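What follows is each chain in one-letter form.
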Amino acid sequence: MRSSSRTALDYIQTNEQKRLNDAREKGIPWKKWGPYLSERQWGTVREDYSQDGNAWNYLTHDQARSRAYRWGEDGLAGISDDQQCLCFAVALWNGQDPILKERLFGLTNSEGNHGEDVKEYYFYVDSTPTHSYMKYLYKYPQREFPNRDLVETNRRRSREEFEYELLDTRAFDDDRYFDAFVEYAKADPEDILIRMTARNLGPENAELHVLPTLWFRNTCSWEKGADKPKLGQARDGVIVSSHQQLGERTLSCEGNPELVFTENESNVDRLCGLPNLVPYVKDAFHSYVVSGNQEAINPFKTGTKAAAHYHLAPVTKPGGVVRLHVSSTFSRV
């Protein structure tokens with residue numbers, strides 16, 4: 001008599017399996033929101049309009065903070081809808097870097113002695129198949145990020161030599177860095193809870209700015225007569241978004257942080273030396289946080305790019321842990 005190989009475990013249906021079944025059989029959009037945001041949109045063929053096909057140099061990392069993309073977006077620990085219309089990611093600043101950390105840094109094909117190479121330490125720690133839970137870790141140095149050193153040293157090295165890595169720059173010496181975790185959990189397909197945890201691994205107090213950022217991909221600049229989505233402040237700590245297909249949604253941030261707004265439009269003045277088409281541009285949060293330019297952000301609290309600004313300097317002591325429910329709900333109204 002043949003014994004059955006089935007066990008009791010074969011009949012256990014987990015919550016995640018139920019979500020998968022509902023997505024497949026009932027069309028419930030559990031996968032509508034997920035980790036679809038690019039790690040890097042700059043230096044790609046997706047954004048290349050050069051005459052000679054030199055995608056690496058047509059849109060560089062240095063230009064990326066100021067230049068509006070067309071076909072996609074990028075960010076740290078980011079998510080978006082499956083059409084990448086509305087995006088969410090985290091920006092950081094340690095008080096030392098010359099730029100706001102909104103995206104990963106890396107070398108282009110000609111800069112790396114072994115070709116293109118991202119020079120960061122980040123980890124996709126966990127994700128369920130429906131992205132009902134996701135966890136991401138980014139290791140952020142407390143010293144100035146050595147962008148120039150990485151480019152210049154790797155460029156000097158031959159193909160026969162080892163690559164010059166981020167650890168080789170001594171940016172992490174004495175454990176002077178933050179572990180920045182970002183976690184997502186879906187209460188339902190349209191309601192996402194977001195938690196950030198920052199841990200100071202260094203021996204001294206360290207400054208950290210955290211900007212949970214919500215923005216729309218710029219589609220209306222390329223299509224005449226297209227409806228323009230918008231973001232605005234609904235009340236203290238709450239950003240409301242409005243989009244023709246996605247409807248209205250809210251991003252609710254605990255602790256009543258300062259909310260800042262701008263447009264996801266190119267800073268033509270910085271890029272080309274020509275007058276900007278709009279007064280508030282893509283790199284406004286960099287100008288506001290890093291350079292202290294109060295006029296960079298929209299005082300009327302509207303735009304297509306918005307963020308909650310948390311300054312965590314008083315609480316990031318050695319070994320200290322700070323948890324932010326940067327979005328108690330990211331949900332449909």
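Here, every reference points to the structure presented above.
Residues numbered from 1 in each chain as written. Predicted model: local features only at pLDDT ≥ 70, side-chain atom pairs only at ≥ 80, totals over all residues. Heavy atoms only, no water.

*Asks:* Would you mind showing me how to read the overall build of the chain here?
*Replies:* A tally of regular secondary structure across the chain gives six helices and 17 strands. Over its C-alpha atoms the chain spans a radius of gyration of 21 Å, differing by no more than 12% from the 20 Å that the globule rule assigns to 333 residues. Taken over the C-alpha atoms alone, the chain extends approximately 75 × 55 × 50 Å along its principal axes. Relative to its full complement of 333 residues, the chain shows a buried share of 53%. Counting contacts in the chain only where the partners sit at least 6 residues apart, residues at least 24 apart contribute 69% of the total. Roughly 16700 Å² of accessible area belongs to the chain as shown, and the carbon and sulfur atoms make up 48% of that amount. If the 42 positive side-chain charges of the chain are averaged to one point and the 49 negative ones to another, these points end up 4 Å apart. (Helix = DSSP H or I, 4+ residues; strand = E, 2+ residues; numbered from the N terminus. Rg over C-alpha atoms; globule rule 2.2 N^0.38 Å. Buried < 20%, exposed > 50% of the residue type's maximum accessible area, 1.4 Å probe, protein only. Contact = heavy atoms within 4.5 Å. Areas by Shrake-Rupley, 256 points an atom, 1.4 Å probe, with all protein chains shown as cover. Lys, Arg positive; Asp, Glu negative; His and termini not counted. Charge placed at Lys NZ, Arg CZ, Asp CG, Glu CD.)

*Asks:* Explanation requested: the pairing of strand β3 (residues 86-93) in the structure shown.
*Replies:* The side chains of a regular strand alternate between both faces of the sheet. With eight of its eight residues buried, β3 lies for the most part within the structure. Burial along β3 is two-sided: the residues Leu86, Phe88, Val90 and Leu92 and Cys87, Ala89, Ala91 and Trp93 are all buried. For strand β2 (residues 76-81) and β3, the ladder comprises three bridges, and the chain directions are antiparallel. Bridge assignment links Ile79 to a residue of β3, and that residue is Phe88. Between β2 and β3, which pair antiparallel one after the other, the connecting turn spans four residues, and Gln84 there sits at a positive phi close to 50°. Examined bridge by bridge, β3 and strand β10 (residues 209-216) share eight bridges and lie antiparallel to one another. (Pairing = 2+ DSSP bridges.)

*Asks:* Just checking my understanding: could you explain the nonpolar core for this structure?
*Replies:* The biggest cluster of nonpolar side chains holds 63 residues, and the ones touching the most others in it are Leu92, Tyr138 and Val210. When residues of this core are assigned to their parent elements, the largest contribution, six residues, is made by β3. Filtering out sequence-adjacent residues up to four positions away, Tyr138 remains in contact with Leu76, Leu92, Lys101, Leu104, Glu120, Tyr121, Tyr122, Phe145, Phe178, Asp179 and Ala180. (Core = buried A, V, L, I, M, F, W, Y, C linked by side-chain atoms within 4.5 Å.)

*Asks:* Just checking my understanding: could you explain the sheet that holds β2 for this structure?
*Replies:* Within a sheet, adjacent strands bond to each other through the backbone by hydrogen bonds, running parallel or antiparallel. Taken together, the six strands give an open sheet; going across it, the order is β1-β2-β3-β10-β16-β14, and neighbouring strands pair in antiparallel fashion. Bordering the open sheet on either side are β1 (33-34) and β14 (258-262), each of which pairs with just one other strand.

*Asks:* Looking at this model, I keep getting lost on unusual backbone geometry. Mind explaining?
*Replies:* Trans is the prevailing form of peptide bonds, just as negative phi is the prevailing case for residues other than glycine. The residue His131 is not glycine, and still its phi comes out positive at about 60°. In this structure, His131 sits in the loop between β6 (122-127) and β7 (133-141). When its relative accessible area of 14% is taken as the criterion, His131 is described as buried. At Asn256, a position not held by glycine, the phi torsion is positive, near 50°. By secondary structure assignment, the location of Asn256 is in the loop between β13 (247-252) and β14.

*Asks:* I would appreciate a short explanation of the side chain of Lys101 in the present structure.
*Replies:* Structurally, Lys101 is set in the loop between β3 and β4 (106-107). Of the polar contacts made by the side chain of Lys101, one reaches the side chain of Glu120; its length is 2.6 Å. When residues no more than four places from it in sequence are discounted, the contact partners of Lys101 are Leu76, Val90, Ala91, Leu92, Glu120, Tyr138, Tyr140 and Phe145. (Polar contact = N/O pair within 3.5 Å; in protein donor to acceptor, adjacent residues only side chain to side chain.)

*Asks:* Honestly, the pattern of salt bridges in this entry has me stumped. Any pointers?
*Replies:* Any two side chains of opposite charge can pair, on the condition that their charged atoms come close. The final tally for this structure, using the stated rule, is 22 salt bridges. The residue Asp62 makes a salt bridge to Arg65 at a minimum N-O spacing of 3.4 Å. What emerges from the salt-bridge pattern is a single network uniting Asp117, Lys119, Glu163 and Glu165. (Salt bridge = Lys/Arg side-chain N within 4 Å of Asp/Glu carboxyl O.)

*Asks:* What exactly am I supposed to notice about helix α1 (residues 15-26) here?
*Replies:* Owing to its 3.6 residues per turn, the α-helix brings residues three or four apart onto one side. The terminal C-alpha atoms of α1, which comprises twelve residues, lie 15 Å apart, in line with the 16 Å expected from a rise of 1.5 Å per residue. Burial in α1 covers these residues: Glu16, Leu20 and Asn21. Taken end-on, α1 shows its buried residues confined to a sector of 140°, consistent with a single buried face. Of the exposed residues in α1, the ones pointing more than 90 degrees away from its buried face are Asn15, Glu25 and Lys26. Positive backbone phi, at 70°, marks Gly27, one or two positions downstream of α1. (Expected span 1.5 Å × (residues − 1). Arc of directions from axis to C-beta.)

*Asks:* Quick question: what am I supposed to make of the packing of aromatic side chains here?
*Replies:* Aromatic rings considered in pairs are described by the distance between their centres and by the relative angle of their planes. Per the counting criterion, the structure on display carries nine aromatic pairs. Centre to centre, the rings of Phe172 and Tyr177 are 5.2 Å apart; their planes meet at 70°, and the pair counts as edge-to-face. We note that Phe172, like Tyr177, is buried. Aromatic rings pair up to connect Tyr121, Phe172 and Tyr177 into one cluster. Across from the ring centre of Trp42, 5.5 Å away, lies the NZ or CZ of Arg40, which sits over that ring. The residue whose ring lies beneath Lys282 is Tyr69, and the NZ or CZ to ring-centre distance is 3.8 Å. (Phe/Tyr/Trp six-rings, centres within 6.5 Å; stacked < 30°, edge-to-face > 60°. Lys NZ or Arg CZ within 6 Å of the ring centre and 35° of its normal.)

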